[in-house]
Structure formats: C-alpha cells, structure tokens
Amino acid sequence: MSEAQNTCQADPPAAVPAGEGRIEAFRRMFQGNRMAFAGLVVFLAFFLTAFAGLFLTSGSDPVFDPAQVRLENKLRPPLSVPFAGTLEEDARPPFGVFLLGTDDLGRDVFARMLQGAWVSLTVGFVAVGIAVAVGILLGGIAGYFGSNRVQVGEVLWACAWAGALLAFAQGAGRLALGLFFAGPVILLLRRLRFLRGPLRFLERGTFSVDTLVMRLVDIMLCFPSFFLILTVVALLPASMYNIMIVIGLTSWMGTARFVRAEFLSLREQDFVTAARALGIGTWRIIFRHMMPNAIAPVLVSATIGIATAILTEAGLSFLGFGVPPPHATWGNILSDGKNFIFDAPWLTFVPGVAILIVVLCFNLFGEGLREALNPKLRER
Amino acid sequence: MELKTETLLSVADLHITFRTLAGPARAVEGVSLGVCRGETVALVGESGCGKSVTALSFLGLLPRAAVIEQGSASLGGVELLGLDEEELRKIRGRRISMVFQEPLTSLNPVFKVGDQIGEAIRVHEAVDEDEIRRRVVTLLRDVGIPNPEERLDDYPHQLSGGQRQRVMIAMALSCNPELMIADEPTTALDVTVQAQILALMRSLQEERRMSILYITHDLGVVSQVAERVYVMYAGMIVEEGRTPTLFEDPRHPYTQGLLASLPSRGKRGRRLSSIAGHVPDPACKPVGCPFHPRCPKAMDPCTASVPTMIDLGDGHQARCLRAHESALNPAEPGQRPADGDRRVKG
Amino acid sequence: MIRTPATETAPILKVNDLRVHFPVRRGFLQRVRGWIKAVDGVDFEVCRGRTLGLVGESGCGKSTLARAVLGLLSASGGSVVYRGRDMTGLSEKEMRPYRRELQMIFQDPYGSLNPRMTIGQSIEEGLRTVGMERRERKARVGELLEQVGLAAVNEDRYPHEFSGGQRQRVGIARALSVGPSLVICDEPISALDVSIQAQIINLLNDLQESLGLAYLFISHDLNVVGYLSHDVAVMYLGQIVEYAPAEALYAAPRHPYSKALLAAVPTIEKGREGFVRPLGGDVPSPMDPPPGCRFQGRCPLVEDRCREAPVTLEAVAPDHLVRCWKVL
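Here we take up the overall build of chain C. Scanning chain C for helices and strands turns up 10 helices and 12 strands. In terms of overall size, chain C behaves like a compact globule, its C-alpha atoms giving a radius of gyration of 21 Å where 328 residues would be expected to give roughly 20 Å. Seen through its C-alpha atoms, chain C measures out along the principal axes to roughly 65 × 55 × 45 Å. Taking all 328 residues of chain C together, the buried fraction comes to 52%. Sequence separation of at least 24 residues holds for 67% of the intrachain contacts in chain C that already meet a minimum separation of 6.

This brings us to the interface of chain C and chain A. With 33 residues of chain C in contact, the opposing surface of chain A contributes 24 residues. Elements with a minimum of two residues in the side of chain C that touches chain A: helix 2 (92-99), strand 6 (102-105), helix 3 (119-129), helix 5 (164-176) and helix 6 (194-211) of chain C. Considering each element in turn, the side of chain C that touches chain A owes the most residues, three residues, to helix 3 of chain C. Classifying every residue of the side of chain C that touches chain A gives 10 nonpolar, 13 polar and 10 charged.

For chain C, the average pLDDT comes to 87, and 95% of its residues sit at 70 or higher. Here helix 2 of chain C is the element of chain C with the lowest mean pLDDT, 84, and strand 7 (residues 182-186) of chain C is the one with the highest, 95.

So, on to helix 12 (residues 270-277) of chain A. Burial within helix 12 of chain A is extensive, with eight of its eight residues counted as buried. Where helix 12 of chain A is buried, its residues contact helix 11 (253-266) and helix 13 (282-319) of chain A together with helix 2, strand 6, helix 3 and helix 5 of chain C. Two residues or fewer after helix 12 of chain A comes Gly279 of chain A, characterised by a positive phi angle close to 90 degrees.

Let us now look at the interface of chain B and chain C. Counting residues at the interface gives 39 residues for chain B, matched by 35 residues for chain C. With seven residues, the single largest contributor to the side of chain B that touches chain C is helix 8 (residues 191-208) of chain B.

Residues and elements named next belong to chain B. If you walk across this open sheet you meet the eight strands as 6-7-8-3-9-10-12-11, and the pairing is mixed. Of all the strands in the sheet, the pair left with one neighbour each is strand 6 (96-99) and strand 11 (310-311). Here six bridges tie strand 9 (residues 228-233) to strand 10 (residues 236-242), and the two strands are oriented antiparallel to one another. In the strand pairing of strand 10, Tyr233 is matched with Met236. The sheet contacts of helix 7 (residues 161-173) involve strand 6 and strand 7 (179-183), and relative to strand 6 the element is tilted by about 175 degrees.

For helix 11 (residues 253-261) of chain B, the tally of buried residues reaches seven of nine residues, placing the bulk of the element in the interior. Residues Pro253, Tyr254, Thr255, Gln256, Gly257, Leu258 and Ser261 of chain B constitute the buried set of helix 11 of chain B. Buried residues along helix 11 of chain B sit against helix 9 (219-225), strand 9, strand 10 and helix 10 (243-248) of chain B together with helix 6 of chain C.

Another aspect to go through is the confidence of the model for chain A. Residues and elements named next belong to chain A. Counting all residues, the mean pLDDT for chain A is 80, and 88% of those residues have values of 70 or more. Of all helices and strands in chain A, the one with the weakest mean pLDDT is helix 1 (residues 3-6) (31), whereas helix 11 scores best (92). Across residues 1-20 the pLDDT falls below 50, and counting only partners more than four positions away or on other chains, this stretch makes 38 contacts in the model.

A few words now on unusual backbone geometry. Residues and elements named next belong to chain B. Even without glycine at this site, Asn147 takes up a positive phi of about 50 degrees. By the secondary structure assignment, Asn147 is in the loop between helix 5 (129-142) and helix 6 (148-151). A positive phi angle, near 60 degrees, is found at Asp314, a position not held by glycine. The residue Asp314 is located in the loop between strand 11 and strand 12 (317-318) in this model. The class of Asp314 is exposed, set by 12 C-beta atoms lying within 10 Å.

Residue and element names in this part refer to chain A. It is at 11 Å that the axes of helix 9 (residues 225-235) and helix 13 come closest, and there the two elements cross at 50 degrees. When the axis of helix 9 is compared with that of helix 13, the two are oblique. Crossing of helix 9 over helix 13 shows right-handed handedness. Residue-level contacts link Phe226, Ile229 and Val233 of helix 9 to Thr312, Gly315 and Leu316 of helix 13. Residues that form the contact of helix 9 with helix 13 fall into these classes: four nonpolar, two polar and no charged.

Further remarks concern the domain arrangement of chain C. All names here are of chain C. You can read the domains of chain C as domain 1 (11-101 + 180-327) and domain 2 (116-178). Computed over C-alpha atoms, the centres of domain 1 and domain 2 are 30 Å apart. With 10 residues of domain 1 at the interface, the matching set in domain 2 holds 10 residues. By residue number, the principal contributor to the side of domain 1 that touches domain 2 is helix 6, which donates four residues. Tallied by class, residues from the side of domain 1 that touches domain 2 come to eight nonpolar, one polar and one charged.

Ranked by size, the top nonpolar core spans 265 residues in total, and within it Ile310 of chain A, Met232 of chain B together with Met104, Ile184, Leu216 and Val234 of chain C carry the most contacts. It is helix 4 (residues 109-145) of chain A that provides the largest number of residues to this core, a total of 20 residues. Contact partners of Met104 of chain C, with chain neighbours within four places excluded, come to Ala274 and Ala277 of chain A together with Ala66, Leu70, Ala175, Val183, Ile184 and Asp186 of chain C.

All names here are of chain B. For strand 7, the tally of buried residues reaches five of five residues, placing the bulk of the element in the interior. By the alternation rule, side chains of strand 7 split into Leu179, Ile181 and Asp183 and Met180 and Ala182, which are all buried. Pairing between strand 6 and strand 7: four bridges, direction parallel. Each bridged residue has a counterpart across the sheet, and for Val99 the counterpart in strand 7 is Ala182. The sheet contact formed by strand 7 and strand 8 (residues 211-216) spans five bridges and is parallel. Looking at the pairing, Met180 lines up with Ile212 of strand 8. With helix 8 bridging strand 7 and its parallel neighbour strand 8, the resulting β-α-β unit is right-handed.

Residue and element names in this part refer to chain C. Most of strand 9 (residues 231-236) sits out of view: six of its six residues are buried. What you see with strand 9 is no split at all: Asp231, Ala233 and Met235 on one side and Val232, Val234 and Tyr236 on the other are buried throughout. The pairing of strand 3 (residues 51-55) with strand 9 spans four bridges and is classified as parallel. Residue pairing in the sheet places Gly53 in a bridge with Val232 of strand 9.

Parameters at a glance
Residues numbered from 1 in each chain as written. Chains lettered and ligands numbered in written order. Predicted model: local features only at pLDDT ≥ 70, side-chain atom pairs only at ≥ 80, totals over all residues. Helix = DSSP H or I, 4+ residues; strand = E, 2+ residues; numbered from the N terminus. Rg over C-alpha atoms; globule rule 2.2 N^0.38 Å. Buried ≥ 20, exposed ≤ 12 C-beta atoms within 10 Å, placed from the backbone. Contact = placed C-beta atoms within 7 Å. Nonpolar A, V, L, I, M, F, W, Y, C, P; charged D, E, K, R; others polar. pLDDT = per-residue confidence, 0-100. Pairing = 2+ DSSP bridges. Axes fitted to C-alpha atoms, helices over the stretch in contact; angles between N-to-C directions. Parallel < 35°, antiparallel > 145°, perpendicular 65-115°, else oblique. Left-handed = near helix turned anticlockwise from the far one by under 90°. Domains from an automatic or database assignment. Core = buried A, V, L, I, M, F, W, Y, C linked by C-beta atoms within 7 Å. Right-handed = clockwise from strand over helix to strand, strands pointing away.

The following block contains the structure:
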C-alpha cells in the first residue's frame, strides 16, 4: 500500500454538509420546532416595537405622545374618535383615532404602551444580563476551583477587610485603616523565617471554594425574591436602574448552579486536560475553552428569565414601587386601570394581554431553545 | 469436533433500513446466516457494519426508525420477524437471551442483583419464590460468583465489572435459552477478566448445549471462542467459514486487510499494512461492492453490482469476484489446500 | 535504578520512586480515613527516539502515572526529572515553560477535542502559548495537519464532522504543535476501529522516526505494545512488576502476573485450542493495599513470605527486572 493511500485525506462522508456554518445550524435548530419559531418571531416583533416605541414617544414633540393630558377625552374606548372640538391640532392622536383608547387622564394608551415596552425590554435584558454575568462568574469559579480550599489566612484577610469597611462606614477611620493593612502585614511577616513555623496554621485549608459559593447561593435562595426586591426598592431612590440592578442581583442563583454543574462535568473531559497540558492559562481555559460548552442551559434559563424579569417589573410598578410616574410602564398602566375596571376594561386588558403574550412567547422560545440545543449537544 | 448440523437459527436475505434525516440508511443488506444447536458462531465487523442491528432484529428490539424491508429469521422453524409483542415476549429471555456490552448500564442500579436475575424466571415460568431463589443461587454459582447466597442481595454498584458481567450472563441463562446472543460482552473488561468470562461461556455452552451468537470486533477473541465466523462489512456478509480456515486462508480482501493490519510482536520492525479510506456511511454506500473504494484488488466489474457469495467448499464462502485467489498460493489461483493437509493452528 | 540499554543517548525523562496517593475523606469534618495508593514507587527512564510501553489493567495506576509525569496531578513523593531538571513540586507558573516539552494524546477521540472550537482553533491554542504571530500560526496549523495526514483545508471544520480516526490525528497534531520531545500516549487507539488502528500506529511510528520523539505508550492491548515498544513495563496496583526490552518480555515473561496477562490475551495464533486456564480473582482496588507483595491475592505461586515484607525489583538479566523473589 503506497504512502498516499495510507494517509487518509479528510473528506468526511458526503452526507455531512461541508463546513456547516453557524447560520445553517441556527436554521436547522428551528426546523422541527414550530413553537420555538413562533416564540422567536414574537420576540423579534417585541424588540422592534420597543425600539420603535423609544423613538416614537421620546423627544419634545413625539409622534405618539404618552404624556399629553386630554381631560375632555378621558376613558375613551379603543378605536374611538376624539370628541369634536375638544382638541387642538397638536393634541390630536395620529390617524385621528385613539388606537387603544385613553386612560383616566385622557392620555393615549397606545403611546403609553409603546413607552412602556421600552422599559420592559430594558429591564428584562439588563437585569438578566447582570444575573447571567454574576451567575457565570460564580458558577465558573465554583465549578473549576471547586475543590480548592480557602486558607485560614485568606478567611482572616476577608474578615479584616469587611471589618475595615464597616469601621469606615461608622466613621472609625483609624480602625478601618488598621484592619485594612492587617492582611498585607501578616503576609510580610510570614516571609520572616522564624515566624513561619508558628504562622503555619494560616495555610491550613478550611472549606472549599465550592462550599463557599454554594452556601452563598443557598442563602440567597432563602429570601423570597419578590419581597427582597420590594424591600430593597422601597429603601433605595426609585429609578429604573436601581430596579434593574436589584432584580439582576437577586436572580443569578439558577445560572450559577447550571454553570457549576456543567463545569464539574467539563473539568473531567480530556480536552480540558489537553489545554492544561499545553500550558494555557487558567482564565483562558475557563472563558475561552469551557464556557462556550456550558452556555447552553444558561441561554435557555436567560430567555425564560427575561420573561420573569418583565413580570417582576410589572408587579413592582403595579404596587407603586416601579419606575416613577409620569413615565409609563405596563405595570403602571395596569395599576391605573384597576380603579376603572368596569368602566374602562381596556385599561387592564391591553397591558395584561401584552404582558401575557410577551411572557408566553419568551417561555416558548426558551423551551424551544432547550429542545433544539439538547439533542445537538448529545450528537457532539 | 462433533458435527453440528441441526439448524437452530436461520436467517435469510435480511434487509433493514433506517429512516434518517439524510435519507434511508441501508444498515443491513441481504444478510443470511445460520447457527446450529450447540454451536458458537461469531459475527465480526467494525463499528457501523450492522452486526448489532442484525441481532436486535431477532428479538424485535430495533428502534422505531428501523424498518425490516424483507427477509426472514426463524428459530427452530418459528418465524421471528413480524411477531407481535405478546409472541415476542415469550421468546425473549426464554428461547433467545441477550448479553450486552456494558454491564453497569445494562443492570438496573436500584434493584438487587438477585431480584433482577429472578425476574426472567418469574415472568416466564410459574414457580414459587423459594424455587426462584434456589435457582438464582445455582445460577450464580454456575457463573462462578463466590458466596452466591450473599451476593444475591447486592446491588450492581457493589460488584466489580467482571462480576456484573457474570450476573448478566446468569440473567441470560436463567430460563435455559436455546440461543444466547452476546453483543461485545467482554469489550469493556480487563484482559484477565475477559479470559475468565470467555472460559465461562465455553464451559456453560458445553454443559447446556446452548448455541451462542458472539458479536464482536475483536478477531483474537473470535479465534478463541468461535467455531464458525461471519465477517460483516457495510451491512453485508462478505465472508463466512470455519474459524481456522478463515484465519489461515481469508479470501475476501477486507478480511485479508483486517488480518494483515493487526499488530503483533511478530510484525515488529515492519510497517503495518492498513486499509486506506474509511467505512462508508450507510446512507450513501458506493454502487457495486461496498468495499471497492478501499480494495487493493478492485477491478471494473466490482463497481457494477454487488458480487454474490462464491462457495469455496467446506462452508467457506466469500463475496468477492476474486475469491478464488488464495493468499497462500498466490501463483496458483483456484487451488485450495486439501482438507487433510490443512494445519489447524493450536 | 532502572537502566535502559546504553545504545542510545542519555534518557530525557527519569522517574524515581514516584508516588501518587489520594486521601479518602469521610465524615462531617472530612477526616482522612485511608489512602488510595494509585502509584506507589515507580521508576523508569525514557530515551529520545524510543518507546516505553506501559501495560496493565484498570486500577493499576497507569493513567494516574501519566498525569503525574505531566504535572497535571501533584505527586505525593518521588521525582520526575526531565533533562536534568526536577519537575515535581513546581507551581503551575514554573511548570509552564516545560509544558511544551511533554505532551499527551488521549484515549477518547470524542472527548479530547473541544466541540465548540474548530480543529484549526484547537491546534492554534498550543501555538499561542509558544508566542507565535497570527500569520505564522495559520501557516503552521496547515503544516501540522498535513503532517498527520489530514488536508489543510479542514481547519475550519468542527470535530463532529470527523471520524474517530481523523479526530485522533487532530489530537496528535495538537500535541505536536508545541514541539514536544516526549509524548505520552494514553490508550490512543483503543477506541478506534481495527482497520483505523493500523493507520494511527503507522503514523506514530513515522513521527517518531522523523521527529525523534520519545513515547510513553500506555495501553492494555498487549499486541499493540508488543509491536510498538522498545521496552515494556508491566504495572500492577501502582507498582512496576516487570521491566524488560519488549522481545525479552514477550518471549519469556518472568513475573507470574506478566505470564498470566500474556496468556490471557486472545490472539489468532493461539486459536481455539490455545486456551489456558485464566487467572482467577478480580482486579483489586488500590485502596490501602495489603502489606507484602501486591499480587498476593491472585498469585498461583503465593507463599507466606510474600505476605510479610514488600518485594523489590531485582535483575534477572542485565536489562530485565522482576518484582518477585520466587522467579529470580
């Protein structure tokens, strides 16, 4: 057998599409999954609506004005024409019709919905973004470094710095400074030969990194999240950013667990060992080699998390703790409408149905993603 | 060696196709084989050749995507393909039993070993619990597990790999089947444990006059356990015959290539000959003989149609247009060593 | 000390009395209850351009040994000396420059490549660590793929598009990317089809000739080891029980375990009649092994003396060492 025949040219069997790109893979994901596709379509529609809404309702003279008060035209039903002679030129709704009616101050509900869409979108994505970032970081650390034990010295150091922070907050400046430098000082002392022996207890291992992170997760899970959010939001000045951050910081736990679980199994895989054997740095291994393989469950839970975040924001607004008026959010509109539920049912239905559709479609999309990603992963 | 002629399992022209996204995949094409009573027959081939699919079809255990297009498989005269669930259940475990490759996943981890072995007896025979227990203990002793009375109450994870495989064999033996199908039973085991299991299977077969269909990719194991061998490639039987004959004088280029590519210390210092290319995907097999793209002896007629089996005498057949060329006497194609002069390697 | 035949240059890797013990922790306070002595006093040498075969069954510690030699596991005792430099006890950072000298290829072609990276990227990662520029890297990836018998155009394909044998070639290319002198092959062909195994074996041989690589070839397949290796070490429960040049070992094994192992391997030459009574018992667990000879539980020649004191490696011939006083 000749040399040329011995070395096999790599032409994989013709059945496999040559160089399958990301786009084809994406398209194939949704081939059999109508639900997921529908969810994706609505997702994109929502995205576009929110963007459009931002441009159409902001500025000094917006196309759809959410803040325009028209007291003569309050509580008008959807698709109704403003009463003749009540409105000036600039107060007229576009198309001459109140598309979704008006609320108790005569404000155009359609315009307010558009404005609210942007809030919901932002809150949903940013909150989930924060949650995912924190979850990935902590989950990755717990998964990769899991069995490493935190040393006594490191624990003391952390306590010292926490103490310093507290002392600083209470105004005891000098105490804070002292605690702050306690750590580095002990580190320096350990370099001295004669102290190395007695200070050896500082190197003893205590609990593992995995234990630390997981107990933190458990602690966070103990709090009923909605009430935690409520409490924090009530204490902080009301603003959209605070809400996003708070929701984000209270919903990272699921992601952390997923990432940790994936990392625990990935760590045993040969390609990770190979990367270590090649001398690739730890952080590069974690983020460039392992993370892309652990992302799948995170994507799924993130998609569903956006829906939850939107619901949470709506709930907060409904209770009056959301974005302050006059800025519209879907929860706001719902809240305003609850007093007029028999006179003007559209005030509750419209935002309610909108929230329902968006949340449902995100959930379907997430489910579809999970189905689509799983068999593919098994294939590989 | 006593002549074994009473046919137990007879498979004729079996065709099995899988429905896949890439089109129909012809996993098994025209397989015909036979196993006599008390005989050990090996079905050899690499991954993807269709050997496991063939065996699963006898028990009706094929996945839903598989369709048996044509052919028949009969056990002692009873047709197996196309039986309904009720009929199949009477055959599984009682007349045909199967031993799988990975004992850790083939045994249910939450049930005791004794219960799992006794289950087949419970299903197939109307015997009381004490009798079942007694028979399970006997079975465990037969398969060489020490202290069987205590091992009865162990869970699979408490046993070693070799012991688990013995438990699987005990399960397969529990209703005294006529045919045992062993699908790579020792691939996952260590060499010394494998040797024990092979010895066990030989002795059991001799005691019970059971037939064994041994499916494997390991030619060394085949030469030690099997009396006759079927070599499969790309869903077809390409060569069959008595084990010593086949290994001494293989006639199909695939068998020749396989044997030549096995490393051994006898070949030290010489380059191993290997078969170029790769196994074809069942969904897109080449026209004609499936081996021709990789075959060093390919000719033009090989690409036209699938060759028929050529009889070389004494049960030795090969599916190759050049089957009469023997590697033993290359200058005289068509001549076979006479029965009397054939050296049996031992 | 084990010596390899003095025909070659000095050994590039010397392992002395290497031990890897894992603590078994139980209870609330995670106290150490026992030790798994996966590797318990192993010595060997590997020379440039030569292959040392390491055979043994599951639980003998060969994979643990491989990882300890590479510094992926920390050793509990003994030393691993590479070109005169002791590598045991080095920190991750100190090890880094040595990583490119010692590489490994793995058993499972499906798990050894990152499914989310193209094979070109997988190979490039190694090149990044040696500080190559981007353009150079691309060119080198192509060269490496050709060297292992794959067309360079495939660098943008993902692992799942390749067969097992092809993936194994990619793994070899990745290991070669950093220019190692020693490659540890941890069962590289056991998961491959028989007809592909020969291709990979030939490739490994070719690379050894052209690049002067030293191999530590770990396998349970005695036929392959017999074909490929210059010297062979047989491991049992964390220790080397016999060490000899390949021809000598296969022609006349001395240790009862080596004999049983070689007898148990089914080969075509033996045929159906060559069936020998197999070794009894199961492969034992490396947890808290009994004092004395490790093989006492299954040895057909065992006596009381075997159970009392540990047995050392002694020479029966200039290059042939055995850990059994009964066969000296």
